[in-house]
Protein chains: 4
Amino acid sequence: MIEGINNVGGTNGQLLALLERYEHLEAEKQTIADDQKELIAEVTSSGFEGPIFRKLLKIRKDPEKFAEEAAKLNLYMADVGMQVSLDFGGAS
Amino acid sequence: MIEGINNVGGTNGQLLALLERYEHLEAEKQTIADDQKELIAEVTSSGFEGPIFRKLLKIRKDPEKFAEEAAKLNLYMADVGMQVSLDFGGAS
Amino acid sequence: MIEGINNVGGTNGQLLALLERYEHLEAEKQTIADDQKELIAEVTSSGFEGPIFRKLLKIRKDPEKFAEEAAKLNLYMADVGMQVSLDFGGAS
Amino acid sequence: MIEGINNVGGTNGQLLALLERYEHLEAEKQTIADDQKELIAEVTSSGFEGPIFRKLLKIRKDPEKFAEEAAKLNLYMADVGMQVSLDFGGAS
DNA sequence: TGATCTCGGCA
DNA sequence: TGCCGAGATCA
């Protein structure tokens, strides 16, 4: 049997198999996402704020980038007369 | 006076001017966005559903693309045994 | 005054523990996301289009909702004179 | 039975009118968005970085909120032992 | 061009 | 108010 282009008219189960594999992975991701959601609830109940917690997570992903951006932002703010002092001794 | 690289330490008002120009444009956009929001309310009160209305807007942006995607989707769904018939005589 | 080890000015390491737990979960999610990305590559190399594949995934999540929206969209399109026929015998 | 002109199978052209009104507003927004894009190009060619420029725009929208979040972030970072000093004399 | 991310709509 | 999808932006 000759398959058409892009499996047109085909029914060999290949597409279905791919879909199910993807959905299985998706289910695993969802389980983890649920765990994260619970963890955020724990963060909140521990007296920390979720949004700040998330910002900190982002900073920890790339502390160097954060330090550089903060330094530049500091310069820009000074340029437009915003009173700030934002110093990072180094994102160790 | 010699300006440093990237206007470091500068205060010539250039950055501030750019910011204010951008913010002015942003305000204009917001006004229009508010009008659109009111219009959606009118859509709803006219008996149409907002989400479907939005889908239709998207289709009208590129009807041809929509027709092509629908046709392909039709094939894929048939391939996995989903009972559908989705025909577009042409997105005129 | 001497602060606790590894908690300069801090409280009790609770925040750090929460961060690390979250990041561990995040790493697990990333692994799965990478697997999904590879799977999409396999989808493409099998002659299917990624974007259509993703649409099909979405439809399979809630076929009934899809059928209803398609039906409504059909009505709206007819209302504005767009030539379409979009029939679903039932999203089995 | 004869349908009204330009409303084959439709109702009264109300939906079409709503769509066109929305699309007109959308076109106006797009024009402004294009202007903003050009302005960003001008920002870049003036020696400023687009992403930092955008951050500054965001801060100017709500300087007080920014100052508060920065202060909290400072506390959190100290809590996990990240060496930072991030002081805002006040978001004037 | 694709992945990420922020933002507005929706429940 | 929290989640989700879409649009925009950056690499």
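From a predicted model like this one, the values you see are computed outputs, not experimental measurements.

### Looking at the protein's contact with DNA strand E
Taken together, the residues surrounding DNA strand E are Lys58(A), Lys61(A), Gly50(B), Pro51(B), Arg54(B), Lys37(C) and Lys58(D). Restricting the count to atoms of DNA strand E within 4 Å of the protein gives a sugar and phosphate share of 100%. The separation between a phosphate oxygen of DNA strand E and a polar side-chain atom of Lys58(A) is 2.7 Å. With respect to DNA strand E, the side chain of Arg54(B) contributes an N or O atom lying 3.2 Å from a phosphate oxygen. Those elements that provide at least two residues to the surface near DNA strand E are α2 (50–61) of chain A together with α2 (50–61) of chain B. Per-element tally for the surface near DNA strand E: the top contributor is α2(B), with three residues.

### Focus: the interface of chain C and chain A
Opposite the 29 residues of chain C that make contact, chain A presents 30 residues. If you sort the residues of chain C by the area they bury against chain A, Tyr22(C), Gln36(C) and Phe48(C) come out on top, with a joint share of 21%. The tally of links between chain C and chain A comes to four salt bridges. Two residues, Glu23(A) and Arg60(C), come together in a salt bridge whose shortest N-O distance is 2.7 Å. The interface formed by chain C and chain A holds twelve residue pairs in polar contact (both at pLDDT 80 or more) in total. Among the elements that take part in the side of chain C that touches chain A, helix α1 (residues 14–45) of chain C stands out by supplying 21 residues, more than any other. Tallied by class, the residues present in the side of chain C that touches chain A amount to 15 nonpolar, four polar and ten charged.

### Comments concerning the packing of α2(B) against helix α1 (residues 14–45) of chain D
When two helices pack together, their arrangement is captured by the angle between the axes and the distance separating the axes. Direction vectors running N to C along α2(B) and α1(D) enclose 65°, while the axes themselves pass 11 Å from each other. Of the possible angle classes, the one that applies to α2(B) and α1(D) is roughly perpendicular. In terms of crossing hand, the pair formed by α2(B) and α1(D) is right-handed. From α2(B), Phe53(B), Arg54(B), Leu56(B), Leu57(B) and Arg60(B) reach across to α1(D), where they touch Leu15(D), Leu16(D), Leu18(D), Leu19(D), Glu20(D), Tyr22(D) and Glu23(D). For the contact of α2(B) with α1(D), the per-class residue count stands at eight nonpolar, no polar and four charged.

### Re the protein's contact with DNA strand F
Close to DNA strand F lie Lys37(A), Lys58(C), Pro51(D) and Arg54(D). Considering DNA strand F, the proportion of its atoms within 4 Å of the protein that are sugar or phosphate atoms stands at 100%. Taking Lys37(A), its side chain carries an N or O atom lying 2.7 Å from a phosphate oxygen of DNA strand F. Take Arg54(D): an N or O atom from its side chain is 3.0 Å from a phosphate oxygen of DNA strand F.

### Some details on a positive patch on the surface
A cluster of basic residues, Lys58(A), Lys61(A), Lys65(A), Lys58(D), Lys61(D) and Lys65(D), forms a positive patch at the surface. Every element with two or more residues in the positive patch is listed here: α2 of chain A together with α2 (50–61) of chain D. Inspection of the secondary structure assignment puts Lys61(D) in helix α2. Look at Lys61(D) and you get exposed, because its relative accessible area is 67%.

### As for the relation of the copies chain C and chain A
It takes a turn of 180° to lay chain C on chain A, together with a shift of 0.0 Å along the axis; the resulting RMSD is 0.1 Å. Taken together, these values place the two copies in the relation of a two-fold axis. Scanning chain C for the C-alpha nearest the rotation axis identifies Lys29(C), at a separation of 2.8 Å. Most of the interface of chain C is mirrored in chain A: 97% of its interface residues are interface residues there too.

### Concerning a negative patch on the surface
Where like charges cluster on the molecular surface, the negative patch consists of Glu28(A), Asp34(C), Asp35(C) and Glu38(C). It is α1(C) that contributes the most residues to the negative patch, three residues altogether. Mapped onto the fold, Asp34(C) is located in helix α1.

### Quick look at the domain arrangement of chain A
All names here are of chain A. If you check the domain split of chain A, you get domain 1 (13–48) and domain 2 (49–82). Each of domain 1 and domain 2 has a C-alpha centre, and the two are 29 Å apart. At the interface, six residues of domain 1 touch four residues of domain 2. For the pair domain 1 and domain 2, the summed buried area comes to about 370 Å², and 74% of that belongs to carbon and sulfur atoms. Of all residues in domain 1, Ile-40, Val-43 and Phe-48 bury the most surface against domain 2, accounting for 88% of the area lost on that side. Counting across the domain 1 and domain 2 interface gives zero salt bridges. Where domain 1 touches domain 2, the interface holds zero residue pairs in polar contact (both at pLDDT 80 or more). Tallied by class, residues from the side of domain 1 that touches domain 2 come to four nonpolar, two polar and no charged.

### Overview of the environment of Glu20(A)
As for its position among the elements, Glu20(A) is in helix α1 (residues 14–45). Spatially, the C-alpha atoms of Glu20(A) and Val43(A) are 35 Å apart, while their sequence positions differ by 23 residues.

### Observations regarding the pattern of salt bridges
Counting across every chain of the model gives 16 salt bridges over all chains. For Glu49(B), the salt bridge identified is with Lys72(C), shortest N-O distance 2.9 Å. On the criterion of chain membership, the pair formed by Glu49(B) in the loop between α1 (14–45) and α2 and Lys72(C) in helix α3 (residues 63–79) is interchain, its members lying in two chains. Judged by relative accessible area, Glu49(B) falls into the partly exposed class, the value being 33%.

Scoring rules and cut-offs
- Residues numbered from 1 in each chain as written.
- Chains lettered and ligands numbered in written order.
- Predicted model: local features only at pLDDT ≥ 70, side-chain atom pairs only at ≥ 80, totals over all residues.
- Heavy atoms only, no water.
- Near = heavy atom within 4 Å.
- Polar contact = N/O pair within 3.5 Å; in protein donor to acceptor, adjacent residues only side chain to side chain.
- Helix = DSSP H or I, 4+ residues; strand = E, 2+ residues; numbered from the N terminus.
- Contact = heavy atoms within 4.5 Å.
- Buried area = accessible area lost by both parts, 1.4 Å probe.
- Salt bridge = Lys/Arg side-chain N within 4 Å of Asp/Glu carboxyl O.
- Nonpolar A, V, L, I, M, F, W, Y, C, P; charged D, E, K, R; others polar.
- Axes fitted to C-alpha atoms, helices over the stretch in contact; angles between N-to-C directions.
- Parallel < 35°, antiparallel > 145°, perpendicular 65-115°, else oblique.
- Left-handed = near helix turned anticlockwise from the far one by under 90°.
- Patch = residues over 30% accessible without salt bridge, like charges linked within 9 Å, V, L, I, M, F, W, Y side chains within 5 Å.
- Areas by Shrake-Rupley, 256 points an atom, 1.4 Å probe, with all protein chains shown as cover.
- Lys, Arg positive; Asp, Glu negative; His and termini not counted.
- Charge placed at Lys NZ, Arg CZ, Asp CG, Glu CD.
- Buried < 20%, exposed > 50% of the residue type's maximum accessible area, 1.4 Å probe, protein only.
- Least-squares fit on C-alpha atoms with pLDDT ≥ 70 in both.
- Domains from an automatic or database assignment.

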